[in-house]
Amino acid sequence: MASSPSRRIALLVPELPTAEELAPYLRRIDEAHWYTNFGPLVRELEADMARRLSEPGLPSQHVVSVSNATLGLELALLALKLPPGSRVLMPALTFVASAAAAMRAGCVPVFCDIEPDTWILSPRIAREALRKVRVDVVMPVSTYGCPQDMKEWDAFSDDTGIPVVVDAAGAFGNQSAGVRCVSVFSLHATKALAGAEGGFVCAADPIYAGRVRVLSNFGIEPATDTQRATGTTGVVHSAGTNGKLSEYHAAIALAALERWERTSTRRIDLHRAYIELLAEHCPQFQTQSRAPNDVYSILPVLTPAGCAAIEVCRFLERRGIETRRWYCPPLPVHPAFSAMPVTGPLDVARQVGERLLAVPFHLHLTYDDIFSVTKTLGQFRDSLG
Ligand SMILES: Cc1ncc(COP(=O)(O)O)c(C=O)c1O
């Protein structure tokens, strides 16, 4: 059953709507001649997302689409109106976009450790960090799609008065929205719900969401009646950027939403099959501690303690199995971020950073492929003696 190099097992095959599924949306764009600037498809997508992320008994969510989640994070921070140099606590193990967005918003990332089982920055870690360093904002990450507990973060923000912006880039389908907390999602092609490029900012506060929208439109404020009457529209108080989502990208995301129930169920089933075979063939490889019905877009595993992930990657590569070390090395190792403050030795993030690799995970995998991947991981373990 071992895979041969002639039949490569790809790490990730993006799953976007087909031309047929897109056609009705593209026709609507043709007919409306409206291609960007908050057109009907963008508004429909935002309303759909807001409905999905609003919970009964809690304030409704407001969703602002953006051209990608990196820009969404930057705008979400700018909309908080923080003084320059504000310190954003974030996990050392995350995608470079989390720190880049904070720096582009004029803030300083402060790196902290992660939980050993879920690999996320939790409210517990944030509270501990507050005792050591000054923090003006917290940016927890839904790492690899693992949802953050928004009730706990809302309580954290309530207790401390510190705003929380969750980088939920890869967590659509798993991550709920907060009441005080803001969340930012990605629609990148690699995500479980994909619009090729795109993202959205989700907040319960309509005034805050309005600020994000203004910033995504160059900072241009919606015109008041008086301004319209006097011809003084288009006033900018705070310089923004062009962060708008096009109608074409909204079309892809809307078509992807139509098949979401099917896609998410297939991803849950694929994950379940993987977990069973991992347990059978290579139980020494640890997975992220998460709910079994989470929708996975990638599948990271940890090598047994003392075993460098890079060795496993090479072993699998020689056998035609593609892997990727997502978010490795941790951010403080990158020259761009190495001068940023840290809250301590970051032991867990460093260990996870050395032991983490992601194995092939996508909807084109066969049972035999998963069997091969897990069996090969087991063979690597056996080769250690
Ligand atoms: C944690 C995290 N933050 C931000 C991003 C950036 O998202 P986008 O590609 O939409 O800018 C990603 C993308 O993978 C991510 O994983």
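Residues numbered from 1 in each chain as written. Predicted model: local features only at pLDDT ≥ 70, side-chain atom pairs only at ≥ 80, totals over all residues.

Some details on the overall build of the protein
Moving on, step 1. Scanning the protein from N- to C-terminus turns up 13 helices and 10 strands.
Moving on, step 2. A compact globule built from 385 residues would reach a C-alpha radius of gyration of about 21 Å, and the protein, at 22 Å, matches this within 12%.
Moving on, step 3. Once the C-alpha set of the protein is aligned to its principal axes, its extents read approximately 80 × 55 × 40 Å.
Moving on, step 4. Per-residue burial for the protein yields a buried fraction of 46% across its 385 residues.
Moving on, step 5. Pairs at least 24 apart in sequence give 71% of the contacts found in the protein among residues at least 6 apart. (Helix = DSSP H or I, 4+ residues; strand = E, 2+ residues; numbered from the N terminus. Rg over C-alpha atoms; globule rule 2.2 N^0.38 Å. Buried ≥ 20, exposed ≤ 12 C-beta atoms within 10 Å, placed from the backbone. Contact = placed C-beta atoms within 7 Å.)

A short note on the sheet that holds strand β4 (residues 137–138)
Moving on, step 1. Sheet architecture is open: 3 strands sit in the order β3-β2-β4, paired in parallel fashion. Whereas interior strands pair on both sides, the edge strands pair on one side only; in this sheet they are β3 (108–112) and β4.
Moving on, step 2. Pairing geometry for strand β2 (residues 87–91) and β4, over 2 bridges, is parallel. Along β4, the bridge assignment pairs Leu89 with Val138.
Moving on, step 3. Taken strand by strand, helix α4 (residues 96–104) contacts β2 and β3, and its axis lies near 175 degrees from that of β2. (Pairing = 2+ DSSP bridges. Axes fitted to C-alpha atoms, helices over the stretch in contact; angles between N-to-C directions.)

Structural notes on the pairing of strand β1 (residues 62–66)
Moving on, step 1. For β1, the buried fraction is high: 5 of the 5 residues fall into the buried class.
Moving on, step 2. Neither face of β1 is open: one carries His62, Val64 and Val66, the other Val63 and Ser65, and all of them are buried.

A few points about the site of the ligand
Moving on, step 1. Taken together, 14 residues lie near the ligand, and Asn68, Ala69, Thr70, Ala169 and Ser186 sit nearest.
Moving on, step 2. Listing elements by their share of the shell around the ligand, those giving two or more residues are α3 (69–78) and α4.
Moving on, step 3. Here the shell around the ligand is built from residues that sort into 5 nonpolar, 8 polar and 1 charged. (Near = placed C-beta within 6 Å. Nonpolar A, V, L, I, M, F, W, Y, C, P; charged D, E, K, R; others polar.)

So, the nonpolar core
Moving on, step 1. Within the largest apolar cluster, 113 residues are counted, with the highest numbers of intra-cluster contacts made by Ala76, Leu77, Val165, Val184, Val201 and Cys202.
Moving on, step 2. When residues of this core are sorted by domain, at least three fall in each of domain 1 (19–258) and domain 2 (260–383).
Moving on, step 3. Excluding residues that lie within four positions of it along the chain, Cys202 makes contacts with Met49, Leu53, Gln61, Val63, Ala177, Val182, Ser183 and Phe185. (Core = buried A, V, L, I, M, F, W, Y, C linked by C-beta atoms within 7 Å. Domains from an automatic or database assignment.)

Observations regarding α3
Moving on, step 1. α3 sits mainly inside the fold: 10 of its 10 residues count as buried.
Moving on, step 2. All buried positions along α3 are accounted for by Ala69, Thr70, Leu71, Gly72, Leu73, Glu74, Leu75, Ala76, Leu77 and Leu78.

Points about the pairing of strand β6 (residues 182–186)
Looking down a regular strand, the side chains alternate between one sheet face and the other.
Moving on, step 1. Counting buried positions along β6 gives 5 out of 5 residues, so the element sits mostly inside the fold.
Moving on, step 2. Across the two faces of β6 the burial is the same, with Val182, Val184 and Ser186 and Ser183 and Phe185 all buried.
Moving on, step 3. Where strand β5 (residues 165–167) and β6 come together, 3 bridges link them in parallel fashion. The residue of β6 that forms the bridge with Val165 is Val182.
Moving on, step 4. In the sheet, β6 pairs with strand β7 (residues 199–203) via 4 bridges, with the strands oriented antiparallel. The residue bridging Ser186 from the neighbouring strand is Gly199, located in β7.

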